[in-house]
Amino acid sequence: MKVLLIGSGGREHALAWALAASPLLDRLYCAPGNAGIAQLAQCVPIAVMDFDKLVGFAQEKKIDFVVIAPDNPLVGGLWDRFEAAGIRASGPSMAGAILEGSKGFVKDLCREIGLPTAAYQRFRDAASAKAFADTLGLPVVIKADGLALGKGVIIAETKADSSKAIDFMFEGGFGASGNEVVVEEFMEGEEASFFALSDGETAIPLAGAQDHKRAFDGDKGPNTGGMGAYSPAPVLPPALEQLAMETFIKPTVAAMAERGRRYAGVMYLGLMITKSGPKLVEYNCRFGDPECQVLMPRLKSDLLTALIATRDRQLHNLDLRWRSEVALTVVMASKGYPGDYAKGSEIRNLEEAAKVPGVEIFHAGTERRDGKLLAVGGRVLNVTALGRSVREAQERAYRAVDLIDWPGGFCRRDIGWRALSR
Ligand code: AMP
Ligand code: GLY
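On a predicted model such as this, the values are computed, not experimentally measured, just so you know.

Cis peptide bonds are those with omega within 30 degrees of zero, and the linkage from Leu-138 to Pro-139 qualifies with -10°. Examined against the element boundaries, Pro-139 turns out to sit in the loop between helix 7 (126-136) and strand 7 (140-144). Cis rather than trans, the peptide bond between Asp-289 and Pro-290 has omega equal to 20°. Here Asp-219, not a glycine, exhibits a phi torsion of approximately 55°, which is positive. Of note, Asp-219 is situated in the loop between strand 12 (214-216) and strand 13 (220-223). Overall, the relative accessible area of 18% leaves Asp-219 in the buried class.

Listed below in structure tokens is the structure:
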């Protein structure tokens, strides 16, 4: 088969790595890709939101299956565009992707079908949003309804901050995604992510993972896209994974189908493990980044077969196998990330680092120019290791990190601490 993968980050490199191992694969293309993906696929410089060019390219190359990895094109309807052109793709459809595209939709769905989540209300004006926020106590959580590049959530510690956050969103601080605002109760607990596949009728579990969102050690500093992750997450033991399937994933799949929004694709369930049990934080319609970089090394079964089964309603025939080892990934980012950072610094010695047993290095923001590997993004490398324990995976990952010669980069030194301190 000829497969086209859409995206350019570490998540996409991990997906390309898994797809490249598929017995079904003849040829892999990636738009736009990065320097790591270029070792596995033919990269084509088409942006993920350039739907016309992507569909045109797929038609020209007679692509058999498209894997759409990022949220923006899924929420924007890229799956529907491919399918309308007669090209099979992994979803969800635009109608299904509302699970990530509208926080208010998901909260209403939780209320209608009884999924445990934080108390909330949806608002279209600042005065009533502020009045409701005042009834919830502090901290209080203010969310822009739509996609906001992962930045649309503000946890306000004071009444003044909550008021400011509400005004900021209604004044267009997050663009149109803040036309509607969700105000919700703050949930206390430990966060974990659970992943599943759905074909619209049947859902099967993938695995759990935990990421580190803050930039610096000890979970301090600004929020980022994710500085590291591991899977499985000890906070989600098998019994809780089963509960996640029965209490959240399966009822959601059924409810989406009933509402004419058949959901076929990856389901990413963000959970808060509270004293009174797991509660939904959010749904995403895709793999997490960097969570995908720890799921793929653990997946023994063929990813391409599984993704095609979500598209063709064949998941009832599928049984996925997983390695028992733990996977852990350390994100190396450009100094300054998530704020301003310099582009173009050189990275050396990756080949040596990749020789550490159990290690796989996934690229995010890299480019190869004149034979040199350059950092061109915020998050740049994902140094991933398998091990028999979190401790062993962590030790291997950092042994590889320490072999990488990149003065322009930094990473956290404590990825996995929550799992190790349990
Ligand atoms: P989201 O974009 O919905 O994932 O929210 C971003 C982050 O905000 C989450 O990963 C949580 O850390 C935090 N968050 C969102 N909603 C809540 C809530 N109700 N209580 C506590 N933390 C929250
Ligand atoms: N790691 C969080 C995300 O992918 O949204």
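On to the pairing of strand 9 (residues 181-185). In terms of residue burial, strand 9 counts as a mostly covered element, since 4 of its 5 residues are buried. Bridge count between strand 6 (residues 120-123) and strand 9: 4 bridges; the pairing is antiparallel. Across the sheet, Phe-123 pairs through a bridge with Val-181, a residue of strand 9. In this sheet, strand 9 lies alongside strand 7 in antiparallel orientation, the contact comprising 5 bridges. If you follow Lys-143 over to strand 9, its bridge partner there is Val-182.

Here we take up the site of ligand 2. In the vicinity of ligand 2, the residues found are Asp-211, Gly-225, Tyr-268, Arg-286, Gly-288, Asp-289, Pro-290 and Glu-291. Within the side chain of Arg-286, a nitrogen or oxygen atom sits 3.0 Å from an oxygen atom of ligand 2. One nitrogen or oxygen atom from the main chain of Asp-289 is found 2.9 Å from an oxygen atom belonging to ligand 2. Here the residues of the shell around ligand 2 are counted per class, giving 2 nonpolar, 2 polar and 4 charged.

Scoring rules and cut-offs
- Residues numbered from 1 in each chain as written.
- Chains lettered and ligands numbered in written order.
- Predicted model: local features only at pLDDT ≥ 70, side-chain atom pairs only at ≥ 80, totals over all residues.
- Heavy atoms only, no water.
- Helix = DSSP H or I, 4+ residues; strand = E, 2+ residues; numbered from the N terminus.
- Buried < 20%, exposed > 50% of the residue type's maximum accessible area, 1.4 Å probe, protein only.
- Pairing = 2+ DSSP bridges.
- Near = heavy atom within 4 Å.
- Polar contact = N/O pair within 3.5 Å; in protein donor to acceptor, adjacent residues only side chain to side chain.
- Nonpolar A, V, L, I, M, F, W, Y, C, P; charged D, E, K, R; others polar.

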